[in-house]
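Tertiary structure, described
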Amino acid sequence: GIQVEQSPPDLILQEGANSTLRCNFSDSVNNLQWFHQNPWGQLINLFYIPSGTKQNGRLSATTVATERYSLLYISSSQTTDSGVYFCAVEQSSGSRLTFGEGTQLTVNP
Amino acid sequence: GAGVSQTPSNKVTEKGKYVELRCDPISGHTALYWYRQSLGQGPEFLIYFQGTGAADDSGLPNDRFFAVRPEGSVSTLKIQRTERGDSAVYLCASSFSGSYNEQFFGPGTRLTVL
């Protein structure tokens, strides 16, 4: 099956700092989503981005499908950004999402 | 409803017991998915429904796990003869119509098998 690798596994920032999270995948995909899992376990949709660039406030994402990677940018981080960020892909052969292991982000005041 | 809902939010059971977990998808979504998340890991796929039928059940770990969606809306995940290793958060997601559509997740059911 498809492999999804996220880096870094852990990231500690001071409030106000910027960061870039990376997702590499091993095969062509129909769909790529970024999620934020809050401390209560809820997966919050950030981006549906099989290709191209999207922005939503302080967050933006870019997927380069031909090179099989996606980047999530967080600018001017806030303590409420803390949590686990997951990248998930839908392989061309099916509907299921395959998740990476996540990036644990901690933003300190 | 406004989002995917799951009940119960928490379930504690004893080894060997039978449990049912319920998922209510976003209204109008024909595709429904079950995933399982163990501590410190990303969610893992269990089963996918398109309408009433299971289009892909290849993620179910063994025959103790079964899921139904009789009317194409609400789904129930059933686990027989629970084992301690079944303890995890069970997540449900729905999308408008399967492939190439964004999936939206419910809050999950935390299952603890003692």
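To be clear, the structure that these remarks concern was listed above.
Bear in mind the structure is a predicted one, so any value in this text is a computation, not a measurement.

Focus: the overall build of chain B
Within chain B, the secondary structure is distributed over 0 helices and 11 strands. Walking chain B from its N terminus toward its C terminus, one meets helices and strands in the order β-β-β-β-β-β-β-β-β-β-β. In terms of overall dimensions, chain B is globule-like: its C-alpha atoms have a radius of gyration of 13 Å, near the 13 Å expected for 114 residues. Counting only C-alpha atoms, chain B reaches 35 × 25 × 25 Å along its principal axes. Scored against the burial criterion, the 114 residues of chain B give a buried share of 45%. Roughly 5400 Å² of accessible area belongs to chain B as shown, and the carbon and sulfur atoms make up 48% of that amount.

Here we look at the sheet that holds strand β1 (residues 4-7) of chain A
Backbone hydrogen bonds are what pair the strands of a sheet, in a parallel or an antiparallel way. Residue and element names in this part refer to chain A. Strands sit in the order β1-β3-β8-β7-β6 across an open sheet of 5 strands; the sheet is antiparallel. Strands with a single pairing partner mark the edges of an open sheet, and in this sheet they are β1 and β6 (52-56). The mean inter-strand angle of the sheet, taken between neighbouring strand axes irrespective of direction, is 15°.

Concerning the nonpolar core
As a rule of thumb, nonpolar side chains are buried together in soluble globular proteins. Counting residues in each nonpolar core, the largest one holds 22 residues, and the members touching the most others are A:Trp34, A:Leu72 and A:Val89. Among the elements of the structure, β2 (10-14), β3 (19-25), β4 (29-37), β5 (43-48), β7 (59-64), β8 (69-74), β9 (83-91) and β11 (103-108) of chain A are those that each provide at least two residues to this core. Core analysis: the second largest hydrophobic core is formed by 20 residues, B:Cys23, B:Leu32, B:Leu77 and B:Leu111 among them.

Observations regarding the pattern of salt bridges
All names here are of chain B. The tally for this structure, following the rule as stated, stands at 5 salt bridges over all chains. Of the charged contacts, one joins Asp24 and Arg22 as a salt bridge, the two residues approaching to 3.9 Å between their closest N and O atoms. Residue classification places Arg22 among the partly exposed residues on the basis of a relative accessible area of 41%. Taking the shortest distance from any N to any O, the salt bridge between Asp86 and Arg64 comes out at 2.8 Å. Taken as a pair, Asp86 in the loop between β8 (75-79) and β9 (88-95) and Arg64 in the loop between β6 (53-56) and β7 (65-68) lie far apart in primary sequence, 22 residues in all. Taken individually, Asp86 and Arg64 each receive the classification buried, so the pair is uniform in this respect.

Structural notes on the environment of B:Ser94
All names here are of chain B. Relative to the helices and strands, Ser94 resides in strand β9. In the structure, Ser94 is positioned 33 residues away from Pro61 in sequence and 21 Å away in space, judged by C-alpha atoms. Residue contacts for Ser94: discarding those within four places in its chain leaves Val4, Pro25, Ile26, His29, Ala31, Leu32, Tyr33, Glu102, Gln103 and Phe104. Separated by 2.8 Å, the side chains of Ser94 and His29 make a polar contact.

Let's talk about the interface of chain B and chain A
Counting residues at the interface gives 23 residues for chain B and 18 residues for chain A. A combined buried area of about 1700 Å² lies between chain B and chain A, and 45% of that area is made up of carbon and sulfur atoms. The largest contributions to the chain B side of the interface with chain A come from B:Tyr100, B:Glu102 and B:Phe105, which together make up 32% of the buried area. If you look at where chain B meets chain A, you find 1 salt bridge. Between B:Asp56 and A:Arg96 there is a salt bridge; the shortest N-O distance is 3.1 Å. Breaking the side of chain B that touches chain A down by element, the ones donating at least two residues are β4 (31-37), β5 (44-50) and β10 (104-105) of chain B. If one sorts the elements of the side of chain B that touches chain A by residue count, β4(B) sits on top with 3 residues.

Quick notes on the environment of A:Thr62
Residues and elements named next belong to chain A. Looking at the element boundaries, Thr62 is found in strand β7. Accessibility expressed as a relative area gives 17% for Thr62, which makes it buried. Considered as a pair, Thr62 and Cys23 are 39 residues apart in the sequence and their alpha carbons are 10 Å apart. A polar contact of 3.0 Å, which involves the side chain of Thr62, links it to the side chain of Thr53.

Conventions used here
Residues numbered from 1 in each chain as written. Chains lettered and ligands numbered in written order. Predicted model: local features only at pLDDT ≥ 70, side-chain atom pairs only at ≥ 80, totals over all residues. Heavy atoms only, no water. Helix = DSSP H or I, 4+ residues; strand = E, 2+ residues; numbered from the N terminus. Rg over C-alpha atoms; globule rule 2.2 N^0.38 Å. Buried < 20%, exposed > 50% of the residue type's maximum accessible area, 1.4 Å probe, protein only. Areas by Shrake-Rupley, 256 points an atom, 1.4 Å probe, with all protein chains shown as cover. Pairing = 2+ DSSP bridges. Axes fitted to C-alpha atoms, helices over the stretch in contact; angles between N-to-C directions. Core = buried A, V, L, I, M, F, W, Y, C linked by side-chain atoms within 4.5 Å. Salt bridge = Lys/Arg side-chain N within 4 Å of Asp/Glu carboxyl O. Contact = heavy atoms within 4.5 Å. Polar contact = N/O pair within 3.5 Å; in protein donor to acceptor, adjacent residues only side chain to side chain. Buried area = accessible area lost by both parts, 1.4 Å probe.

Such coordinate-based values are descriptive only and should not be taken to indicate function.
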